[in-house]
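Fold and contact review
What follows is the residue order along each chain.
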Amino acid sequence: MAEEKFFLGRQPILDREQRLYGFELLFRSADSLHANVTDYLQASASVIFDALSSFGFREILGKHKGFINVNADVLMSEALELLPPEKVVIELLEHVPITETVIGRCHELREKGFSLALDDHVYEPVYEPLYHLVDVIKIDLFRTGLENLASEVETLRKWNTKLLAEKVETVEQYERCAKLGFTYFQGYYFARPVVLTRTRVDVGRLAIVKLFNQLVAEVELAELEETFKQNPNLVLNLLRLVNSVAVGLKERITSLRHAIMVLGYHQLRRWAMMALFANNAQGVGDNPLLVMAATRARLMELIISEQPAARLDRDYPDRAFMTGILSLADALLKVSMDEVLAPLNLDNDVREALLSRTGELGELLTLVEKIEKDDFENIACSFERFQLSMERLAPVQMDACNWATQLGEVA
């Protein structure tokens, strides 16, 4: 059992301000594209704990909480107490029997500092002894039904616990749940673009677009310097970036030109793309779309780097990265994808991937989107095309998660 391979998935959990609160951590056995997560927990609990030790909580979660599903066997296991209580929320699966033993164990875990949650929950009197112990009750919108949601919330309101809405797929569902008093939200509603008509030109955004295009064209250093000088806020962000990536640099940054040379055009292009989306009121680490875009971009870059085409075209992994970053730009900027791409000098394969999910980059983007949602139906052909296995997926996911976490801490 100790040699069993796995990969780790993360599904974002947002607060009422739509900032990133945490992730539900999902585990899948590497021996099948169709493994059942619940069965895997029952059969391989020890692998989960080994996996978490190998991955490292800081790399997976950064400053956020991790929600971890447990069945009755895992709940009662002493190994559960190896997890850092300040970082995890122990989530009782809906089929855990409510017995005196289970209630006693929950009391014990609370005393040890753990937070508890009930997964896919529907009110039943048998759960009442647990309602005083759990911090979060997760309500699946599809299981409960939107027509029953208000009465379910009213029933649970008498206990002092926070409610989390699961499978929130539209903004309308989010707004309805928010009005009913839900504290947390899980689902991909936030990744759906809401196209608005722009009433003014965003000067800061135009400056970053100009900078990005200059970096793609690899203009002379003096021209880049001038663009930065015309936008003092970009200079401040540039200096923050160079300080974060140049740890251990023996010499001090003496000028704007020096900072640009230390980073190089390749790093600056990536920074400009992230800066294009950054919300002044919300850092990268709190913005679920930016975290998802950064993780997706890095994962695509790592996968494409293993392909034969990458050996023939040194810029191919970079184009895969840009495809991942831009794939959520319509939702981030609240404009159509056509409008996002119009001012950017991008290669045709990136444009086709973003607009129609065609070409090799388009197929890879579709594959990564499915991996994010734990949707492993009908992707065996894509795995084969990219010479990808479930076993190989684990280390590249680790790298992608770690990269996005570090980015969020710096931004």
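Residues numbered from 1 in each chain as written. Predicted model: local features only at pLDDT ≥ 70, side-chain atom pairs only at ≥ 80, totals over all residues. Heavy atoms only, no water.

1. Some remarks on the packing of aromatic side chains
For any two aromatic rings, the description comes down to two numbers: the centre-to-centre distance and the angle of the planes. Here the structure, examined in full by the defined rule, presents 11 aromatic pairs. Members of the aromatic cluster, joined through ring pairs, are Y174, F185, Y188, Y189 and F190. Positioned above the aromatic ring of F23, the side-chain terminus of R10 is 4.1 Å from the ring centre. Here K373 stacks its cationic end above the ring of Y188, 5.1 Å away from the centre of that ring. (Phe/Tyr/Trp six-rings, centres within 6.5 Å; stacked < 30°, edge-to-face > 60°. Lys NZ or Arg CZ within 6 Å of the ring centre and 35° of its normal.)

2. Side note on the pairing of strand β3 (residues 65–70)
Along a regular strand, successive side chains alternate from one face of the sheet to the other. The element β3 is extensively covered by neighbouring structure, given that six of its six residues are classed as buried. Residues K65, F67 and N69 point to one face of β3 and G66, I68 and V70 to the other, with burial holding for every one of them. Pairing of β3 with strand β4 (residues 88–92) involves five bridges; the strand directions are parallel. In the sheet register, F67 faces β4, and the bridge partner there is V89. (Buried < 20%, exposed > 50% of the residue type's maximum accessible area, 1.4 Å probe, protein only. Helix = DSSP H or I, 4+ residues; strand = E, 2+ residues; numbered from the N terminus. Pairing = 2+ DSSP bridges.)

3. Things to note about the pattern of salt bridges
Inspection of every chain in the model, using the stated rule, returns 21 salt bridges. The shortest N-O distance in the salt bridge between R385 and E363 comes to 2.2 Å. Of this pair, R385 sits in helix α21 (residues 380–385) while E363 is found in helix α20 (residues 359–372), placing the two residues 22 residues apart along the sequence. When its relative accessible area of 39% is taken as the criterion, R385 is described as partly exposed. Judged by relative accessible area, which is 21%, E363 ranks as partly exposed. A network of salt bridges, in which partner residues are shared, links E24, E91, K138 and E166. (Salt bridge = Lys/Arg side-chain N within 4 Å of Asp/Glu carboxyl O.)

Read these as geometric descriptors, not functional statements.
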